[in-house]
Amino acid sequence: SDWVHGQFERAMEQDVLFSWAEAAALCMPRPVGLTMTIDALTEFKGRELSKRIAALSWFRSAQVLEWIECNAPTATITGEWGQLASLSNLTWDKAEKWLSQGRPLSLVALDSLDQFLHLPRHAPLIRSLRPTLRGVPGRTTILRALETQKLNDSAPRVVKKCDFLIENIEKIHIAD
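Residues numbered from 1 in each chain as written. Predicted model: local features only at pLDDT ≥ 70, side-chain atom pairs only at ≥ 80, totals over all residues. Heavy atoms only, no water.

Visitor: Outline unusual backbone geometry, listing residues and values.
Guide: Here the bond from R103 into P104 is cis, since omega is 5 degrees, no more than 30 degrees from zero. By secondary structure assignment, the location of P104 is in the loop between α8 (92-101) and α9 (105-115). Of note, the phi angle at H118 is positive, near 55 degrees, even though the residue is not glycine. Checked against the element boundaries, H118 lands in the loop between α9 and α10 (124-129). By relative accessible area, which is 15% here, H118 ends up buried. (Helix = DSSP H or I, 4+ residues; strand = E, 2+ residues; numbered from the N terminus. Buried < 20%, exposed > 50% of the residue type's maximum accessible area, 1.4 Å probe, protein only.)

Okay, here's the thing in C-alpha coordinates:
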(Lines give C-alpha, C1' and ligand atoms only; values in the text may rest on other atoms or scores of the structure.)
Protein backbone atom coordinates (compact mmCIF):
# COMPACT_ATOMS: atom_id res chain seq x y z
CA SER A 1 0.00 0.00 0.00
CA ASP A 2 2.72 2.46 0.97
CA TRP A 3 4.76 1.71 -2.13
CA VAL A 4 1.76 2.17 -4.46
CA HIS A 5 0.86 5.39 -2.69
CA GLY A 6 4.43 6.59 -3.23
CA GLN A 7 4.20 5.92 -6.97
CA PHE A 8 1.27 8.27 -7.50
CA GLU A 9 3.25 11.35 -8.59
CA ARG A 10 5.34 9.26 -10.94
CA ALA A 11 2.18 7.72 -12.46
CA MET A 12 0.79 11.20 -13.08
CA GLU A 13 4.05 12.44 -14.62
CA GLN A 14 4.25 9.43 -16.93
CA ASP A 15 0.51 9.48 -17.73
CA VAL A 16 -0.09 5.93 -16.47
CA LEU A 17 -2.96 6.64 -14.08
CA PHE A 18 -4.86 3.60 -15.42
CA SER A 19 -2.11 1.19 -14.35
CA TRP A 20 -1.53 2.96 -11.06
CA ALA A 21 -5.27 2.80 -10.26
CA GLU A 22 -5.29 -0.95 -10.84
CA ALA A 23 -2.53 -1.34 -8.25
CA ALA A 24 -4.28 1.12 -5.92
CA ALA A 25 -7.55 -0.82 -6.14
CA LEU A 26 -5.73 -4.04 -5.27
CA CYS A 27 -3.32 -2.78 -2.60
CA MET A 28 -4.61 0.38 -0.96
CA PRO A 29 -7.55 0.92 1.36
CA ARG A 30 -10.54 1.45 -0.95
CA PRO A 31 -11.43 5.02 -0.11
CA VAL A 32 -7.82 6.20 -0.35
CA GLY A 33 -7.03 4.85 -3.82
CA LEU A 34 -10.43 5.84 -5.21
CA THR A 35 -10.19 9.36 -3.79
CA MET A 36 -6.67 9.84 -5.15
CA THR A 37 -7.79 8.68 -8.60
CA ILE A 38 -10.83 10.97 -8.59
CA ASP A 39 -8.66 13.88 -7.46
CA ALA A 40 -6.18 13.15 -10.25
CA LEU A 41 -8.94 13.35 -12.84
CA THR A 42 -9.92 16.88 -11.80
CA GLU A 43 -7.06 18.31 -13.85
CA PHE A 44 -8.57 16.98 -17.09
CA LYS A 45 -11.54 18.14 -19.14
CA GLY A 46 -13.31 17.03 -22.32
CA ARG A 47 -11.59 14.42 -24.45
CA GLU A 48 -8.58 14.29 -22.12
CA LEU A 49 -10.87 13.34 -19.24
CA SER A 50 -12.75 10.75 -21.33
CA LYS A 51 -9.44 9.12 -22.26
CA ARG A 52 -8.52 8.69 -18.58
CA ILE A 53 -11.75 7.80 -16.78
CA ALA A 54 -11.19 4.07 -17.23
CA ALA A 55 -8.79 4.35 -14.28
CA LEU A 56 -11.88 4.44 -12.05
CA SER A 57 -13.05 1.07 -13.43
CA TRP A 58 -10.70 -0.87 -11.18
CA PHE A 59 -12.58 0.22 -8.05
CA ARG A 60 -15.94 -1.26 -9.16
CA SER A 61 -17.63 1.26 -6.89
CA ALA A 62 -21.06 2.84 -6.83
CA GLN A 63 -19.27 6.03 -5.71
CA VAL A 64 -18.00 6.26 -9.28
CA LEU A 65 -21.62 6.42 -10.48
CA GLU A 66 -22.11 9.52 -8.35
CA TRP A 67 -18.92 10.95 -9.82
CA ILE A 68 -20.26 10.29 -13.33
CA GLU A 69 -23.45 12.18 -12.50
CA CYS A 70 -21.40 15.24 -11.55
CA ASN A 71 -18.73 15.01 -14.25
CA ALA A 72 -20.28 13.64 -17.44
CA PRO A 73 -19.80 16.23 -20.17
CA THR A 74 -22.90 17.93 -21.50
CA ALA A 75 -21.70 17.35 -25.06
CA THR A 76 -19.88 14.52 -26.79
CA ILE A 77 -20.60 11.56 -24.56
CA THR A 78 -18.30 8.76 -25.65
CA GLY A 79 -18.64 5.05 -24.98
CA GLU A 80 -16.01 5.25 -22.25
CA TRP A 81 -18.59 6.76 -19.91
CA GLY A 82 -20.97 3.83 -20.39
CA GLN A 83 -18.13 1.35 -20.00
CA LEU A 84 -17.16 2.99 -16.71
CA ALA A 85 -20.75 2.93 -15.45
CA SER A 86 -21.15 -0.76 -16.30
CA LEU A 87 -17.98 -1.60 -14.36
CA SER A 88 -19.07 0.48 -11.37
CA ASN A 89 -21.87 -1.80 -10.20
CA LEU A 90 -24.62 -0.03 -12.12
CA THR A 91 -28.06 -1.03 -10.94
CA TRP A 92 -31.23 -0.97 -12.98
CA ASP A 93 -32.68 1.74 -10.69
CA LYS A 94 -29.75 4.03 -11.51
CA ALA A 95 -29.86 3.21 -15.24
CA GLU A 96 -33.60 3.86 -15.34
CA LYS A 97 -33.15 7.15 -13.49
CA TRP A 98 -30.47 8.24 -15.98
CA LEU A 99 -32.68 7.29 -18.93
CA SER A 100 -35.51 9.41 -17.55
CA GLN A 101 -33.23 12.42 -16.91
CA GLY A 102 -32.27 12.79 -20.54
CA ARG A 103 -28.90 13.76 -21.91
CA PRO A 104 -26.08 13.38 -21.09
CA LEU A 105 -26.87 10.65 -18.55
CA SER A 106 -29.37 8.86 -20.79
CA LEU A 107 -26.57 8.34 -23.32
CA VAL A 108 -24.31 6.99 -20.57
CA ALA A 109 -27.09 4.60 -19.51
CA LEU A 110 -27.63 3.32 -23.06
CA ASP A 111 -23.90 2.83 -23.62
CA SER A 112 -23.61 1.01 -20.30
CA LEU A 113 -26.51 -1.34 -21.14
CA ASP A 114 -24.63 -2.26 -24.31
CA GLN A 115 -21.62 -3.26 -22.18
CA PHE A 116 -23.71 -5.91 -20.39
CA LEU A 117 -23.95 -7.87 -23.65
CA HIS A 118 -20.27 -8.96 -23.45
CA LEU A 119 -19.53 -8.75 -27.15
CA PRO A 120 -16.17 -9.42 -28.86
CA ARG A 121 -16.01 -5.76 -29.94
CA HIS A 122 -15.97 -4.57 -26.34
CA ALA A 123 -12.82 -3.38 -24.62
CA PRO A 124 -10.57 -6.06 -23.12
CA LEU A 125 -11.41 -4.73 -19.65
CA ILE A 126 -15.12 -5.42 -20.21
CA ARG A 127 -14.40 -8.86 -21.63
CA SER A 128 -12.21 -9.65 -18.63
CA LEU A 129 -14.38 -8.27 -15.81
CA ARG A 130 -17.75 -9.20 -17.40
CA PRO A 131 -20.06 -6.69 -15.68
CA THR A 132 -23.58 -7.69 -14.76
CA LEU A 133 -26.62 -5.43 -14.47
CA ARG A 134 -28.11 -5.68 -11.00
CA GLY A 135 -31.60 -5.15 -9.63
CA VAL A 136 -33.61 -5.73 -12.80
CA PRO A 137 -37.21 -6.76 -12.04
CA GLY A 138 -37.46 -8.37 -15.49
CA ARG A 139 -36.43 -7.95 -19.09
CA THR A 140 -39.84 -6.52 -19.98
CA THR A 141 -39.00 -3.57 -17.71
CA ILE A 142 -35.89 -2.90 -19.79
CA LEU A 143 -37.87 -3.28 -23.01
CA ARG A 144 -40.47 -0.74 -21.91
CA ALA A 145 -37.78 1.73 -20.85
CA LEU A 146 -35.98 1.38 -24.19
CA GLU A 147 -39.21 1.90 -26.15
CA THR A 148 -39.95 4.98 -24.05
CA GLN A 149 -36.42 6.25 -24.64
CA LYS A 150 -36.90 6.03 -28.40
CA LEU A 151 -40.06 8.14 -28.08
CA ASN A 152 -38.33 10.72 -25.86
CA ASP A 153 -35.14 11.02 -27.91
CA SER A 154 -35.40 10.30 -31.61
CA ALA A 155 -31.74 11.02 -32.41
CA PRO A 156 -30.35 8.36 -34.76
CA ARG A 157 -27.70 7.28 -32.23
CA VAL A 158 -30.35 6.72 -29.55
CA VAL A 159 -32.83 4.92 -31.80
CA LYS A 160 -30.11 2.67 -33.23
CA LYS A 161 -28.77 1.80 -29.76
CA CYS A 162 -32.26 1.15 -28.38
CA ASP A 163 -33.16 -1.06 -31.35
CA PHE A 164 -29.93 -3.01 -30.94
CA LEU A 165 -30.53 -3.52 -27.21
CA ILE A 166 -34.14 -4.56 -27.81
CA GLU A 167 -32.97 -7.04 -30.45
CA ASN A 168 -30.45 -8.50 -27.99
CA ILE A 169 -32.44 -8.19 -24.77
CA GLU A 170 -32.05 -11.88 -23.92
CA LYS A 171 -28.26 -11.56 -24.07
CA ILE A 172 -27.97 -8.79 -21.47
CA HIS A 173 -26.20 -10.23 -18.44
CA ILE A 174 -28.44 -9.69 -15.43
CA ALA A 175 -27.61 -10.64 -11.84
CA ASP A 176 -29.99 -13.11 -10.28
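Visitor: Tell me about the nonpolar core, and name the residues and values.
Guide: Ranked by size, the top nonpolar core spans 58 residues in total, and within it W20, W67, I68, W81, W92 and W98 carry the most contacts. Examining the composition of this core, we find that 6 residues originate from one element, α9, more than from any other. Sequence-distant contacts of W67, defined by excluding residues within four places in its chain, comprise I38, L41, L49, I53, L56, W81 and L84. (Core = buried A, V, L, I, M, F, W, Y, C linked by side-chain atoms within 4.5 Å. Contact = heavy atoms within 4.5 Å.)

Visitor: If you had to explain the environment of Q149 to someone new, which residues and values would you point to?
Guide: Along the chain, Q149 falls in helix α11 (residues 139-152). Each C-alpha atom, one on Q149 and one on P29, is 39 Å from the other, the two residues being 120 residues apart in sequence.

Visitor: Please give an account of the pattern of salt bridges that cites residues and values.
Guide: In the structure shown here, the tally under the stated rule is 13 salt bridges. Where E170 meets R139, a salt bridge forms, and the shortest distance between an N and an O atom there is 3.6 Å. Note that E170 is positioned in the segment after α12 (156-167) and R139 in helix α11, a separation of 31 residues in sequence. By relative accessible area, which is 62% here, E170 ends up exposed. (Salt bridge = Lys/Arg side-chain N within 4 Å of Asp/Glu carboxyl O.)

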